[in-house]
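Inside the fold
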Amino acid sequence: MSHHIVDIIDLCHTYADGTEALRGVSFRITHGESVAVIGANGAGKSTLLLHLNGYLTATSGAIRIGDFPLTKGTLPEIRRTVGMVFHDPDDQLFMPTVFEDVAFGPLNLGLMGADVDQRVEDALERVGAAHLRTRPPYRLSGGEKKRVAIATVLAMAPDILVMDEPTSGIDPYGRRQLIKIIKEFTHTKIFTSHDLDMVLELCPRTIILHRGLIAADGPTEEVFLNTALLAQCHLEQPLSMHGCLLCHRKGKEAAA
Amino acid sequence: MRYIDGAVRDFKDLDLLATGETTIHRLDARAKVVVTLVFILSVLSFGKYEVAALFPFFIYPAVMMALGNLPAGYIAKKIVFVIPFVLAVAIFNPLVDGQLMIQLGPFGITGGWVSCASIIIRSILTVGAAIILVSLTGFTGICRALEQLGMPQAFAVQLLFLYRYIFVLTEEGGRASRARELRSCGKKGLSLASYTSLVSHLLLRTWERAERIHIAMLARGFTGEFHTIHPKRFGGKEISFVIAWSAIFIFIRLQDIPQLIGTTVMRMIS
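Residues numbered from 1 in each chain as written. Chains lettered and ligands numbered in written order. Predicted model: local features only at pLDDT ≥ 70, side-chain atom pairs only at ≥ 80, totals over all residues. Heavy atoms only, no water.

1. Description of the overall build of chain A
Put simply, the test is: Only DSSP runs of H or I with at least four residues qualify as helices, and only runs of E with at least two residues qualify as strands; both kinds are numbered from the N terminus onward. Per-residue accessibility, obtained with a 1.4 Å probe over protein chains only, is compared with the maximum for each type, and a residue is labelled buried under 20%, exposed over 50%, and partly exposed between these values. Two residues qualify as a contact provided that any one of their heavy atoms is within 4.5 Å of a heavy atom in the partner residue. Charged residues are defined narrowly, with Lys and Arg counted positive, Asp and Glu counted negative, and His plus the chain ends left uncounted. Charge positions are represented by NZ for Lys, CZ for Arg, CG for Asp and CD for Glu.
Looking only at helices and strands, one finds 11 helices and 10 strands in chain A. Dimensions along the principal axes, computed over C-alpha positions, put chain A at roughly 70 × 45 × 35 Å. A burial count over chain A gives 54% of its 256 residues as buried. Here the contacts in chain A between residues at least 6 apart in sequence split such that 65% fall between residues at least 24 apart. With 25 positive and 31 negative side-chain charges, chain A shows a spacing of 3 Å between the two charge centroids.

2. Topic: the nonpolar core
Keep this limit in mind: What we call a nonpolar core is a set of buried Ala, Val, Leu, Ile, Met, Phe, Trp, Tyr and Cys residues that are connected through their side-chain atoms within 4.5 Å.
Counting 46 residues, the largest nonpolar core has Ile38, Val102, Val148, Ile150, Val199 and Ile208 of chain A as the members making the most contacts within it. Considering each element in turn, this core owes the most residues, 6 residues, to helix α6 (residues 142-154) of chain A. Leaving out residues up to four positions away in the same chain, Val199 of chain A has contacts with Ala36, Ile38, Ser193, Thr206, Thr220 and Phe224 of chain A. Counting 40 residues, the second largest nonpolar core, distinct from the first, contains Phe27, Ile29 and Val35 of chain A together with Phe161 of chain B.

3. Some remarks on helix α10 (residues 192-219) of chain B
Basically, it comes down to this: In a helix, the anticipated span is given by 1.5 Å times the number of residues less one.
Taking 1.5 Å per residue as the helical rise, α10 of chain B with its 28 residues ought to reach 40 Å, and the 40 Å between its terminal C-alpha atoms agrees with that figure. For α10 of chain B, the set of buried residues is Leu198, Leu202, Arg209, Ile213, Ile215, Ala216, Met217, Leu218 and Ala219 of chain B. Contact partners of the buried residues in α10 of chain B: α1 (45-52), α2 (75-81), α3 (89-92) and α4 (98-108) of chain A together with α9 (153-182) of chain B. Immediately beyond the C-terminal end of α10 of chain B, within one or two residues, lies Gly221 of chain B, with a positive phi of roughly 80 degrees.

4. Some thoughts on unusual backbone geometry
The residue Glu165 of chain A is not glycine, and still its phi comes out positive at about 45 degrees. Among the residues examined, Glu165 of chain A registers a relative accessible area of 12% and is labelled buried. For Asn69 of chain B, which is not a glycine, the phi torsion comes out positive at approximately 55 degrees. When you line up the elements, Asn69 of chain B lands in the loop between α4 (59-67) and α5 (72-90).

5. Things to note about the domain arrangement of chain B
Residue and element names in this part refer to chain B. Put simply, the rule reads: Residue ranges assigned to the domains are those given by an automatic or database domain assignment. Two parts lose some accessible area (1.4 Å probe) when they are put together, and adding that loss for both gives the buried area. In what follows, salt bridge is the name for a side-chain nitrogen of Lys or Arg lying within 4 Å of a carboxyl oxygen of Asp or Glu. Think of a polar contact as two N or O atoms within 3.5 Å of one another; within protein, one of them needs to be a possible hydrogen donor and the other a possible acceptor, and neighboring residues in sequence only count if both atoms come from side chains. Gly is put with the polar residues, along with every residue not named as nonpolar or charged; the nonpolar set is Ala, Val, Leu, Ile, Met, Phe, Trp, Tyr, Cys and Pro, and the charged set is Asp, Glu, Lys and Arg.
By domain assignment, chain B separates into domain 1 (1-151 + 233-265) and domain 2 (154-219). Each of domain 1 and domain 2 was reduced to a C-alpha centroid, and the two centroids are 33 Å apart. Of the residues lining the interface, 14 residues belong to domain 1; the matching set on domain 2 comes to 13 residues. Carbon and sulfur atoms supply 76% of the area that domain 1 and domain 2 bury against each other, a total of about 1200 Å² over both sides. If you look at where domain 1 meets domain 2, you find 0 salt bridges. Taken together, the links from domain 1 to domain 2 amount to 0 residue pairs in polar contact (both at pLDDT 80 or more). Elements represented by at least two residues in the side of domain 1 that touches domain 2 include exactly α1 (2-17) and α8 (139-148). Broken down by class, the residue content of the side of domain 1 that touches domain 2 amounts to 7 nonpolar, 1 polar and 6 charged.

6. Quick notes on the side chain of Thr47 of chain A
Residue and element names in this part refer to chain A. Following the sequence through the fold, Thr47 ends up in helix α1. The buried category is assigned to Thr47, whose relative accessible area is 8%. Engagement of the side chain of Thr47 in a polar contact is seen with the side chain of Tyr15, the distance being 2.9 Å. Dropping the residues within four chain positions of it, Thr47 is found in contact with His13, Tyr15, Ala21, Leu22 and Leu56.

Rendered as structure tokens:
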């Protein structure tokens, strides 16, 4: 199962305008791990994700996905292995109907006819969006768009699922559904998110990026207990780790 | 911006009609595209003073609306929306062409007025046919049909993307314009400076989005070719649909039906 491993070795990326987005990032994610990459805005999270399927090329350093180093020659295989769900689902849903959008990946993989149908149906079923198959993307709600965007990636049967802020901009019910869907994906998962409660629920391991460097890499609960480090990286403990606000208020009132 | 917003919303509604389940909806899109083209060509091929002979062509939109279960009032409203633009062009004809053509007692109608009326009727027919085509087939279906009929794939894909993202773009434009209005303290109109800035921002944002869409496509194995899932079959139903309508259009084009009816009635009376 070595194809589920992500190895990042001293990765640096400097944009054309001179911004150093990543300044030597190294970590290894093994099979079946669920890892959150968190950090303040501009910490380098999205830049890091865009390296994972070869859209951005490292200024220096190396990336290995499974058995392959990321090079131009291995790119098609790596893009099949790494399924990427983007921040804005409108960027991901570009075909006229949901069905065609989910079929886009499998068709590019060379599947045909009934095989494509099966893949599409399965993927839509997994995200609970089978009833949306004939709808055009612009007629979906935010949560539906997000679920269909995930289905487009699941239809390619990726070994590694990479998601950029999966729960941003959707309502609590949609968020809960999404967390359930993500939990069901048993292969390697990598997220970036500002939704630290979701991170706490889904990811046993957390990496904090701060100004292009790794500030922490360890078990999520441990990382979130280090409040000084969180504050230094412009982060806060997830709300679920705070005491209940209502009980706290009631306690105060009772004391008074 | 509100005007564009409304127009785009209308387009969405038309697309919704295209999800209907009638026999006409289920026909292969190519058949409907070809019939619409033959219809438009037949209507446009008349001489510029022809008015009466155009009326029999209304049978096509009427039959299609009935068979496709389309709301006639809604389609009529869409056509009326285009008429002012047609009038802006046709209204110059009476000024230029003053030659007397018809004498009705003391009133004389010039060639200019006749050709103006002819242009308006033709517009109603052709615009109506186009709207009916979109409501029965959907924009996507039309693009696919054009591609299957020989239009290069690059154009078809461009059209599809234009259609997909026109909604996203107008929403973005709408938001930017609303933000500007809210801060313009009741001042009406758009100064050149703020207009330039608004449009250039929109362009840059579109550019960035195009880049992100491209990444999303590459991430799903896109190599430059679009594959189709289930090509529809151009079968017997489609062939009969094309032949029947084309025959009717050619017949109406070659025979002056109103005159034919007139002479028949006159003969019966005498």
